[in-house]
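Chains, contacts and geometry: an overview
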There are 2 protein chains.
Amino acid sequence: MILSTKGRYGLKIMYELALNYGKGPMSLKEIALRQQLSETYLEQLIVPLKKTGLVTSVRGAQGGYELIGKPDEITVGEIIRTLEGPLAPSECVLDDDPECTRAEYCVTRLIWERIMEGINNVVDSITLDDMVKDYYMLKQKKEGEK
Amino acid sequence: MILSTKGRYGLKIMYELALNYGKGPMSLKEIALRQQLSETYLEQLIVPLKKTGLVTSVRGAQGGYELIGKPDEITVGEIIRTLEGPLAPSECVLDDDPECTRAEYCVTRLIWERIMEGINNVVDSITLDDMVKDYYMLKQKKEGEK
DNA sequence: TGAAATCCGACTTAAAAGGTAGGAATTAAT
DNA sequence: ATTAATTCCTACCTTTTAAGTCGGATTTCA
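Now for a description of the structure that goes with this document. (Residues numbered from 1 in each chain as written. Chains lettered and ligands numbered in written order. Predicted model: local features only at pLDDT ≥ 70, side-chain atom pairs only at ≥ 80, totals over all residues. Heavy atoms only, no water.)

Notes on the relation of the copies chain B and chain A
The operation relating the pair of chain copies consists of a rotation about an axis and a translation along that axis. Mapping chain B onto chain A calls for a screw motion: a turn of 180 degrees about the axis and a shift of 0.0 Å along it, with 0.0 Å RMSD after fitting. What we have between these two chains is a two-fold relation. Ranked by how close their C-alpha atoms come to the rotation axis, the residues of chain B are headed by Ile119 of chain B, at 2.9 Å. Most of the interface of chain B is mirrored in chain A, where 100% of its interface residues are also at the interface. (Least-squares fit on C-alpha atoms with pLDDT ≥ 70 in both. Contact = heavy atoms within 4.5 Å.)

Structure follows, in C-alpha cells:
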C-alpha cells in the first residue's frame, strides 16, 4: 500500500514551493537539490500539478514554479490525488464500476468505502501551511537543543 | 493507491470463512465459486493467512479452511496487513529506515505518519463480524423491497 | 480405490514503476 | 546579440511487481 514516488516526490515539490511562497519562482533544479531527487524526473511530475492548476510556471532564466493558491488552501489530498489518481482501495468504489452488482450483496464494497472515506478525511485535513508550520516547529525545537 | 488483489481477494476469503464460521471447513473451491475468483490463485493467498495463524486447514476430501479466531476478534487491518505488508504510505515511516535522517527535518515524514495512523485506525476498527452483520442487514433490506 | 481436497514450487505474461536522454523554445542577465 | 538558465515535450529504457497458470505430490473421506 505504499504510495508511488509520484505522490511522495510530488508532495515534496509542493512543500518546497510552499516554503518559498511569496518569494518568486523556484526552479526544479533547486527543489531537486534540496530534496536530493532527480531533476529530470521531477519534470515529469510537475506536469499534472500544473495541469490541475496547483502551480504556475515562469519560463526562461531565473524562471521556475510557484504555487497558485495560498498554502493554507492547498491540501495534501489534492496533491496526492492529482499524482496518484483517486485514493480508493478498490476500483469498485469509483463512481461507475459496472462489475459491482454482485450476488454477494457486495459487503466488501462497504468496507472499501469506509476505508476510502477514512483516508481522504485524513489527507484532506492537512494543508501545505500545516507542513510549513511543522517545519518551523522542528527548526525551533532543534535550535533549542543546542 | 489501489490495493492489490492479494488484499482484496484475501478479505473476500476471510469474509466467506466468517459467514461459514462454526459450520466446519469450507473449501477454496466453494469460496472461489461464490466470489467468482480463480481457485488456484486463492491457493497462493491463503498461505500467508495460514502462516499468520488466522486460518487453519483440514486436508483431504471434505476438507477446507476455517477461521481460528472468532469473527469479532479478527480485524480487516490484520488481514490486509498480512497480505499487503504494512499499511504505510512511505517506507520511511517503517521502524528502521536509515535514509531518513535528512536536512529537511523530514516534514513529509510527519505527514506520512499521520496518514498511516489514519488508515490503520480505520481498518483496525472493522472486524469480520461487522461484515457478517452488514451481510444480514443488506439481505433483510433486500427482502423488504420485494 | 477413487475423488476431493490441501500443499508446493516453478513458470509466465503484461503492466507499472522509476526513471534517462535529447533537444526545442523561452527569457533574464551580460 | 549572445549566453546561460530554465521550462517544455516526446520518446525510450530497465527492473520490478501484479496477477495469475500449471503440474504434480500428498492427504483423507466415502
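As for the interface of chain B and chain A
Counting from both sides, the interface comprises 40 residues of chain B and, opposite them, 40 residues of chain A. Here chain B and chain A share an interface that buries about 4,000 Å² over both sides, 71% of which is from carbon and sulfur atoms. Taken together, the links from chain B to chain A amount to 2 salt bridges. Ionic pairing is found between Arg114 of chain B and Asp134 of chain A, a salt bridge with its closest N-O pair at 3.3 Å. Counting the contacts that link chain B with chain A gives 4 residue pairs in polar contact (both at pLDDT 80 or more). Counting residues per element, the ones that place at least two in the side of chain B that touches chain A are helix H1 (5-19), helix H2 (28-35), helix H4 (76-84), helix H5 (107-124) and helix H6 (128-144) of chain B. If you tally residues by element for the side of chain B that touches chain A, the top one is H5 of chain B, at 11 residues. (Buried area = accessible area lost by both parts, 1.4 Å probe. Salt bridge = Lys/Arg side-chain N within 4 Å of Asp/Glu carboxyl O. Polar contact = N/O pair within 3.5 Å; in protein donor to acceptor, adjacent residues only side chain to side chain. Helix = DSSP H or I, 4+ residues; strand = E, 2+ residues; numbered from the N terminus.)

Examining the pairing of strand S2 (residues 64-67) of chain A
Residue and element names in this part refer to chain A. Here strand S1 (residues 55-58) pairs with S2 via 4 bridges, running antiparallel. When the sheet's bridge partners are listed, Val58 is paired in S2 with Gly64. Counted between consecutive antiparallel strands, the loop separating S1 from S2 contains 5 residues, among which Gly60 sits at a positive phi close to 85 degrees. (Pairing = 2+ DSSP bridges.)

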